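The chain contents come next:
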Amino acid sequence: MRFFKLFFNFYINASIHVALAVSSLAYITIQEYMAPFSPELFVVIFLGAISGYNFIKYARIAGLHHRSLATSLKSIQVFSFLCGGTLLYFLFYIPRSTWVLLLSLALLTLFYAIPFLKRKSLRTLHGTKLFVVAIVWSGVAVLLPLWDLGIVQLGQTDVICSFVQVFLLVIVWTLPFEIRDLNFDAPSLGTLPQKLGVRGAKILGGVMVLLAIILEGFKDTISSYHFYGLFFIGILSVVLLGISSKKQSRYFASFLIESIPIIWVLLDITLRRLLG
């Protein structure tokens, strides 16, 4: 039991779970557009998410306390280093043209964590934190797979709709984190729960889910599997957002909320088997 608890904590704290969530959204994209699966790209997405998230979460801590790091943090550092090295290796197996978009998203992630403007990072600039996270997730989950495969031009209506849908959903999935941290975040961050209150943020989240579902109707090609999955995931997102509070269990946001994209993949696979 103790081993399972240690393993589960490492799974969450080392960003393996969130990396699976990001990879799951990319999988949903290639399923929607009936694109060929690229194992190399998914390895890059998965390892890139681990490296990026762990850099954001632990770089500053490691810099300040490198001589007195806890064993768990040291393990995460070693794990992240190995993931980063493997990531560099697999980069040479994806098209060079994909590197441009990948580098752009990586720089956005870097500036999210490192101060560059009047000693402020994108994370600490007033009102930007949530939207930067949503842009990076949407870019990795929608634009990157389609750009890598070269099957769709980024200006097409369907791609724009898919990008905005994921952008809106990621904002909704991030709101429980901001509600949880409401008592700890500095007022200068200007998070949505700080500006609108918990109730207002939840209402806005519900509207965003509705918009994400409505956008499906503006696509030139509509997949019934994708629509049913999106509809169910939208309802699940609203329910979980609705029960979010400032006092929530330790893993409500970091595990349950971040499991939604993974649940979407399982649902998509199930729907294709039942309806296909």
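Look a little higher up for the structure.
Okay, so let's go over this structure. (Residues numbered from 1 in each chain as written. Predicted model: local features only at pLDDT ≥ 70, side-chain atom pairs only at ≥ 80, totals over all residues. Heavy atoms only, no water.)

**Brief notes about the overall build of the chain**
What counts here: Strands are runs of DSSP state E lasting at least two residues, helices are runs of H or I lasting at least four, and both sets are numbered from the N terminus onward. Using a 1.4 Å probe on the protein chains alone, a residue whose accessible area is under 20% of its type maximum counts as buried, one over 50% counts as exposed, and one in between counts as partly exposed. It only takes one pair of heavy atoms within 4.5 Å for two residues to be counted as in contact. Charge assignment in this entry is limited to Lys and Arg as positive and Asp and Glu as negative, and neither His nor the chain termini are counted. By convention, the point assigned to a charge is CZ for Arg, NZ for Lys, CD for Glu and CG for Asp.
Looking only at helices and strands, the chain has 11 helices and zero strands in total. Secondary structure elements in the chain, listed N-terminal to C-terminal, are α-α-α-α-α-α-α-α-α-α-α. Overall, the C-alpha framework of the chain stretches about 55 × 50 × 45 Å when taken along its three principal axes. Out of the 276 residues in the chain, the part that is buried amounts to 48%. Taking the intrachain contacts of the chain between residues at least 6 apart in sequence as the baseline, contacts between residues at least 24 apart amount to 74%. When the 22 positive and 11 negative side-chain charges of the chain are each reduced to one mean point, those points stand 18 Å apart.

**A short note on unusual backbone geometry**
Of note, Ser15 is a non-glycine position whose phi angle comes to about 70°, a positive value. Relative to the assigned elements, Ser15 resides in the loop between helix H1 (2-13) and helix H2 (16-32). For Ser15, a relative accessible area of 1% translates into the label buried. If you check the backbone angles, Met34 has positive phi at about 50° while not being a glycine.

**Thoughts on the environment of Gly52**
With respect to the helices, strands and loops of the structure, Gly52 is situated in helix H3 (residues 39-64). Through-space distance from the C-alpha of Gly52 to that of Phe3 is 27 Å; in sequence the pair is 49 residues apart.

**What about the packing of aromatic side chains?**
Condition: Two aromatic rings, drawn from Phe, Tyr or Trp (for Trp, its six-membered ring), form a pair once their centres lie within 6.5 Å of each other, and the interplanar angle then sorts them: stacked below 30 degrees, edge-to-face above 60, tilted otherwise.
The tally for this structure, following the rule as stated, stands at 13 aromatic pairs. Ring centres 6.2 Å apart and planes at 20° place the aromatic pair Phe4 and Phe8 in the stacked group. Pair noted here: Phe4 and Phe8 are both in helix H1, with a separation of four residues, about one helical turn. An angle of 80° between the planes, with centres 5.0 Å apart, marks the rings of Phe8 and Tyr251 as edge-to-face. Taken together, the positions of Phe8 in helix H1 and Tyr251 in the loop between helix H9 (224-242) and helix H10 (252-256) put the pair 243 residues apart, joining distant regions of the chain. Residue Phe8 is classed as buried on the basis of its relative accessible area of 19%. Relative accessible area serves as the criterion here: at 23%, Tyr251 is assigned to the partly exposed category.

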